[in-house]
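Chain residues, written in single-letter form:
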Amino acid sequence: MGEPRIHDPLSADWVVLVLLAVLMQLAWTNVVSPRKWGLLLNGAFGARISRRSLREDIDLQDRSMLGLLAALLAGLGLFLHQVLVIRGIADAGPGGYVIVVALLLVMVLAQVFLLRALGWLFQGDGGLQEYTYTWVIDHLVLGAALLPVAVLVAYRPEMRSVLLPMGGVIASVIVLLRWGRAGLIGRSAGVPFRHIFLYLCAAEILPVFLVLQTLQRSGPSAFQLH
């Protein structure tokens, strides 16, 4: 009979389907709009988005842009789902993954709406358009950076104790760089630093803090990391 096979919820069959769908979308983006990769590189390493990219490359209604966003948010959602499953917060099945991705998508749309609403409320741009695009691109960069980590977490269980903290470090660096860009964009547009600080505290830092507090107070891991 042999030993019974241990079921690993992080490498279930549906995970393969998700990864295939993500890779197919990335391949399609590479064919129809290869310039999007340059946009990601600029978002990862550039302090500001170039005016040319703002004019020509970034359109939140463009199908290739939406497809790339959907694919990389799916990859980012997979990593977040893995963290939540290990912390015993989310269901390990595809239903739990769908909920995580849906919440992630709602968060992105809500933040874009908030930034545009602030621009309308104060009757001026103040760098908000550039920061809105920076915010979206940073999530693309985050998804691209964490997708390989999510793949290794799924299929190299002996490395999870290293991979999950590594993913957290990657996410933290990208978020901190985005907050630095927020200050740079706002100051170049003449926005007082106190306004930038209040926005970051209320709309970005506080939610991140609450999420971290939830993870720390969560129950024991659903299964071992290794």
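Just above, that's the structure.
Residues numbered from 1 in each chain as written. Predicted model: local features only at pLDDT ≥ 70, side-chain atom pairs only at ≥ 80, totals over all residues. Heavy atoms only, no water.

1. With respect to the pattern of salt bridges
Cut-off, in case you're wondering: Here a salt bridge means any side-chain nitrogen of Lys or Arg lying within 4 Å of a carboxyl oxygen belonging to Asp or Glu. Note on exposure labels: buried denotes an accessible area under 20% of the residue type's maximum, exposed denotes more than 50%, and partly exposed covers the range between, all computed with a 1.4 Å probe on protein chains only. A run of H or I in DSSP counts as a helix once it spans at least four residues, and a run of E counts as a strand once it spans at least two, with each numbered from the N terminus.
What the rule picks out here adds up to three salt bridges. Glutamate 158 is paired through a salt bridge with arginine 156; the nearest N and O atoms lie 2.4 Å apart. On the basis of relative accessibility, which here comes to 45%, the residue glutamate 158 falls in the partly exposed class. In this structure, arginine 178 engages glutamate 204 in a salt bridge whose closest nitrogen and oxygen atoms are separated by 3.2 Å. Residue arginine 178 is found in helix H7 (residues 160-188), and its partner glutamate 204 is found in helix H8 (residues 193-217); the two are separated by 26 residues along the sequence. In this pair, the class of arginine 178 matches that of glutamate 204, namely buried.

2. With respect to the side chain of threonine 132
Defined as follows: By definition, residues are in contact when any of their heavy atoms lie within 4.5 Å.
By the element assignment, threonine 132 lies in helix H6 (residues 128-155). Residue class for threonine 132 comes out buried when judged on its relative accessible area of 3%. Ignoring sequence-local partners within four residues, the contact set of threonine 132 consists of Val112 and Leu115.

3. Brief notes about the packing of helix H1 (residues 13-32) against H6
The cut-off we apply is this: Only the contacting stretch of a helix is used when fitting its axis, a line to C-alpha atoms as for every element, and angles between N-to-C directions run 0 to 180 degrees. An angle below 35 degrees is read as roughly parallel, one above 145 as roughly antiparallel, one from 65 to 115 as roughly perpendicular, and any other as oblique. Crossing chirality is assigned from the near helix's rotation relative to the far helix, an anticlockwise turn below a right angle marking it left-handed and a clockwise turn marking it right-handed. Polarity classes work like this: nonpolar for Ala, Val, Leu, Ile, Met, Phe, Trp, Tyr, Cys and Pro, charged for Asp, Glu, Lys and Arg, and polar for all others, with Gly in that last group.
Contact geometry for H1 and H6: axes closest at 12 Å, N-to-C directions at 155°. Overall, the two elements H1 and H6 adopt an arrangement that is roughly antiparallel. Crossing handedness for the pair H1 and H6: left-handed. Within the contact between the two elements, H1 uses Val15, Val16, Leu19, Val22 and Leu26 and H6 uses Leu147, Val151, Ala154 and Tyr155. Residues that form the contact of H1 with H6 fall into these classes: nine nonpolar, no polar and no charged.

4. Re the packing of aromatic side chains
What counts is decided by this rule: Here a pair means two rings of Phe, Tyr or Trp (six-membered ring of Trp) with centres within 6.5 Å. Their orientation is stacked below 30 degrees between planes, edge-to-face above 60, and tilted elsewhere.
On inspection of all chains with the given rule, the structure shows three aromatic pairs. With a centroid separation of 6.4 Å and 25° between ring planes, the pair formed by phenylalanine 193 and phenylalanine 197 is classed as stacked. In this pair, phenylalanine 193 and phenylalanine 197 are both assigned in helix H8, four residues apart and thus about one turn of the helix distant. Take phenylalanine 193: its relative accessible area is 54%, and that puts it in the exposed class.

5. Concerning the environment of leucine 26
Structurally, leucine 26 is set in helix H1. C-alpha separation for the pair leucine 26 and tryptophan 37, spaced 11 residues apart in sequence, amounts to 10.0 Å. Those residues in contact with leucine 26 that sit more than four places away from it in its chain are Trp37, Leu68, Ala71, Leu72 and Leu147.

6. Notes on a nonpolar patch on the surface
The condition that has to hold: Nonpolar side chains (Val, Leu, Ile, Met, Phe, Trp, Tyr) within 5 Å and like charges within 9 Å form the patches, drawn only from residues with over 30% relative accessible area and no salt bridge. Note on areas: these come from Shrake-Rupley sampling with a 1.4 Å probe, and a residue is covered only by the protein chains present in the view.
Together, Val16, Leu17, Leu20 and Tyr155 line one region of the surface with nonpolar side chains, adding up to about 370 Å² of accessible area. With three residues, the top contributor of residues to the nonpolar patch is H1. With respect to the element layout, valine 16 can be found in helix H1.

7. Focus on the packing of helix H4 (residues 63-86) against H7
Two elements in contact, H4 and H7, have axes separated by 11 Å at closest approach and are oriented at 125°. Considering their axes alone, H4 and H7 lie oblique with respect to each other. In the crossing of H4 with H7, the sense of the turn from one axis to the other is left-handed. Note on element contacts: H7 touches H4 through Leu164, Gly167 and Gly168, opposite Phe79, Val83 and Ile86. Looking at the contact of H4 with H7, its residues break down into four nonpolar, two polar and no charged.

8. Examining helix H5 (residues 94-121)
Put simply, the rule reads: Multiply 1.5 Å by the residue count of a helix minus one, and that product is the helix's expected span.
For H5, which comprises 28 residues, the first-to-last C-alpha distance of 40 Å matches the rise-based estimate of 40 Å (1.5 Å per residue) to within 8%. Turning to H5, its buried residues number three or more, namely Gly96, Tyr97, Val100, Leu104, Val108, Gln111, Val112, Leu115, Leu118 and Gly119.

The values are spatial; any link to function lies outside them.
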